[in-house]
Amino acid sequence: DLFFKLPAFSQLRHIERAVFMIAFASPLIAGSGFMVFSEKLSKRKKINDVAIFAAVVALIIIEVLLLQPFPKSLPVTNPKDIAIENYISKDTGKFRTINLALSTLVGASGYNYLSQLGIGTIKGGSGIWFNDYLTYLAIGQQTNPTKFWGLLNNKYVISDKELALPGLKFVSKFEECKDCVIWEAYGPYLYENLDFMPRAYIVDDAFLVIGPEENAKRIIYSLIADNNFDPKKSVIIQGKGSVSQYNLGELKKYKVIILLQQIDQLEVNILREFVDSGGILLPKIFDGKTTINQDEIENLFRSLNKTFAEVNILIYENNKAVYDTSNKKGFLVLSERFSNFPGWKAIGNDEKEILKANAITTAVFVDNDDKITFKYSPSSFRNGAMISIIASIMIMVYFIYNG
């Protein structure tokens, strides 16, 4: 129980993943043990250190080569030798896949070959859990799977059985291999997700949900699942806890504000200005209403104009991504989880606030920015790098001084 309360361990799916501690500690312990053993033996028997070292090495070689079974080699499968993977690889666009042949949302084995082809995937986790993402996938699976997957840039769905999900278009049945070690990768059924959304795009209109975090999440999930919500018309942003954390200029970026909190007089005043400037507030408190009617939401979704524009990705690396916004104005929406990890910064003409979009992804408001650059530089990395540099300098000084 203690291990699961420690950083990193608390997110391990299986405690045996702690083997990395053994891999790190064993060489240190073995090295220290050899030094002590060598020193004591050389004093008692007057044996040369080289002879001791040679004997230990000989014992290790005997153990590895003679006393242990030699690992057997296996034929290597080229990803393009798998018919379904080869078909997907011919699509030169930027997209992700999902493999429903896996028994759970957190399985990983079905993705081994796709990763070699540089094709992204959707999965809830493998060795490291990310609960918000897993929750998103679980809710999506129960409500409107293809839309939820589409918001994550999903284009192809692999399955080991036929599917009858609305929003999926059957592509083909490919050759399967139930006797293969990673049989899930072979499908054999492939579908195209008709609710596919690009990796990056811009829309004009946004809904801002303001209130306690858990309440906001529930409302956002229900909005996404609504059949009238079209991601090509608007984006849903999870806001801060209260209206007082915004100024009028920030609120006026949004088409609709959904309010989930009690408000004071100052907040009433700023919301009045927001409505007077053409914004829509739900519930319509200035009309004496305290609840939101489902028909209001649906009619609002239907009334929006489609202002969708796909955005070209200029650079896409592990810690950096650059998007060509070509002096457009609106919300840049990305099927990336940048908003979930402190340490990401977004820079255009100035530094942008990174927003949580559509429950799990990322958005920023762009205003005639030529391009937007996302860069990951967490304080923990900077602090670690500084500690490493100082430690290296101290070690060098020690050896120079004692050399």
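Rules and cut-offs
- Residues numbered from 1 in each chain as written.
- Predicted model: local features only at pLDDT ≥ 70, side-chain atom pairs only at ≥ 80, totals over all residues.
- Heavy atoms only, no water.
- Helix = DSSP H or I, 4+ residues; strand = E, 2+ residues; numbered from the N terminus.
- Rg over C-alpha atoms; globule rule 2.2 N^0.38 Å.
- Buried < 20%, exposed > 50% of the residue type's maximum accessible area, 1.4 Å probe, protein only.
- Contact = heavy atoms within 4.5 Å.
- Patch = residues over 30% accessible without salt bridge, like charges linked within 9 Å, V, L, I, M, F, W, Y side chains within 5 Å.
- Areas by Shrake-Rupley, 256 points an atom, 1.4 Å probe, with all protein chains shown as cover.
- Salt bridge = Lys/Arg side-chain N within 4 Å of Asp/Glu carboxyl O.
- Core = buried A, V, L, I, M, F, W, Y, C linked by side-chain atoms within 4.5 Å.
- Disulfide = S-S within 2.5 Å.
- Phe/Tyr/Trp six-rings, centres within 6.5 Å; stacked < 30°, edge-to-face > 60°.
- Lys NZ or Arg CZ within 6 Å of the ring centre and 35° of its normal.
- Pairing = 2+ DSSP bridges.
- Expected span 1.5 Å × (residues − 1).
- Arc of directions from axis to C-beta.
- pLDDT = per-residue confidence, 0-100.

Participant: An account of the overall build of the chain is needed here, citing residue identities and associated values.
Facilitator: Along its length, the chain carries eleven helices and 17 strands. Taken against the 2.2 N^0.38 rule, which gives 22 Å for 403 residues, the C-alpha radius of gyration of the chain at 28 Å runs more than 25% over that of a compact globule. Structurally, the chain occupies a C-alpha span of about 95 × 60 × 45 Å along its principal axes. The 403 residues of the chain split such that 38% are buried. Contacts spanning at least 24 positions in sequence make up 67% of the contacts within the chain whose residues lie at least 6 apart.

Participant: Kindly report on a nonpolar patch on the surface, identifying the contributing residues and their values.
Facilitator: On the surface, Phe53, Val57, Leu59, Ile60, Ile61, Ile62, Val64, Leu65, Leu66, Leu67 and Phe70 cluster together into a nonpolar patch covering about 1,100 Å² of accessible area. For Ile60, the location among the structural elements is in helix α2 (residues 49–67).

Participant: Give me the lowdown on the nonpolar core, citing residues and values where you can.
Facilitator: In this structure, Tyr136, Ile237, Leu251 and Phe331 are the most contacted members of the largest nonpolar core, which totals 72 residues. Other than its neighbours up to four places away in sequence, Ile237 contacts Ala206, Phe207, Leu208, Val209, Ile220, Tyr254, Leu355, Lys356, Ala357 and Ala363. Counting 15 residues, the second largest nonpolar core, distinct from the first, contains Val311, Phe338, Ala346 and Val364.

Participant: Please set out the state of the cysteines residue by residue, giving values where relevant.
Facilitator: Taken as a whole and judged by the stated rule, the model has one disulfide. Across the disulfide from Cys177 sits Cys180; the S-S distance is 1.8 Å. For the disulfide bridge between Cys177 and Cys180, the dihedral angle about the S-S bond is near 80°, and by the sign convention the bridge is right-handed.

Participant: Explain the packing of aromatic side chains to me, using residue names and the numbers behind them.
Facilitator: Tallied over the full model, the rule gives 18 aromatic pairs. Plain terms: the ring middles of Tyr254 and Phe331 are 5.3 Å apart, the flat faces sit at 40° to each other, and that makes the pair tilted. Of this pair, Tyr254 sits in the loop between α8 (248–251) and β9 (256–259) while Phe331 sits in strand β13 (residues 320–334), and the two are 77 residues apart along the sequence. By relative accessible area, which is 0% here, Phe331 ends up buried. Clustering of aromatic rings is evident, with ring pairs tying together Tyr323, Phe338, Trp344, Phe374 and Tyr376. Positioned above the aromatic ring of Tyr246 is the side chain of Lys240, whose terminal nitrogen or guanidinium carbon lies 4.9 Å from the ring centre. Its guanidinium or amino end placed over the ring of Phe286, Arg272 lies 4.0 Å from that ring's centre, counting from NZ or CZ.

Participant: Give a detailed account of the sheet that holds strand β1 (residues 96–99), specifying residues and quantitative values.
Facilitator: In space, the five strands of this open sheet follow the order β2-β1-β3-β5-β4, with mixed pairing throughout. The open sheet terminates on both sides in strands that have one partner only, identified here as β2 (120–121) and β4 (168–173). With five bridges connecting them, β4 and strand β5 (residues 189–193) associate as antiparallel partners. Each bridged residue has a counterpart across the sheet, and for Leu168 the counterpart in β5 is Asn193.

Participant: Kindly report on the environment of Leu74, identifying the contributing residues and their values.
Facilitator: Tracing the chain through its elements places Leu74 in the loop between α2 and α3 (83–89). Given a relative accessible area of 70%, Leu74 falls into the exposed group.

Participant: Kindly report on the side chain of Thr97, identifying the contributing residues and their values.
Facilitator: Within the secondary structure, Thr97 is located in strand β1. Residue Thr97 is classed as buried on the basis of its relative accessible area of 0%. Contacts of Thr97, omitting those with residues within four sequence positions, involve Ile88, Tyr111, Leu114, Ile119, Gly120, Thr121, Ile122, Asn154 and Tyr156.

Participant: I'd like to hear about unusual backbone geometry, residue by residue, with values.
Facilitator: In this model, Gly187 is joined to Pro188 through a cis peptide bond whose omega is 20°. Looking at the secondary structure, you find Pro188 in the loop between β4 and β5. The omega torsion across Leu282 and Pro283 is 0°, close enough to zero to call that bond cis. Along the polypeptide, Pro283 turns up in the loop between β10 (280–282) and α10 (294–303). Non-glycine residue Asn153 carries a positive phi angle of around 75°.

Participant: Please provide a residue-by-residue account of helix α5 (residues 131–142), values included.
Facilitator: In this model, α5 (twelve residues) spans 17 Å end to end at C-alpha, consistent with the 16 Å of a helix rising 1.5 Å per residue. Listed as buried for α5 are Tyr133, Leu134, Tyr136, Leu137 and Gly140. One face of α5 carries all of its buried residues, which in axial projection span an arc of 155°. Across from the buried face of α5, at angles greater than 90 degrees, the exposed residues are Asn131 and Gln142.

Participant: Which residues make up the confidence of the model for the chain, and what values do they have?
Facilitator: Across the chain, pLDDT averages 90, with 95% of residues at or above 70. Per-element confidence in the chain is highest for β5, whose mean pLDDT is 98, and lowest for helix α1 (residues 19–45), whose mean pLDDT is 81.

Participant: Now, about the pairing of strand β12 (residues 312–316): what can you tell me, with residues and values included?
Facilitator: The sheet contact formed by β12 and β13 spans four bridges and is antiparallel. Within β13, the residue paired with Ile315 across the bridge is Val322. In this structure, the hairpin formed by β12 and β13 is closed by a connection of three residues.

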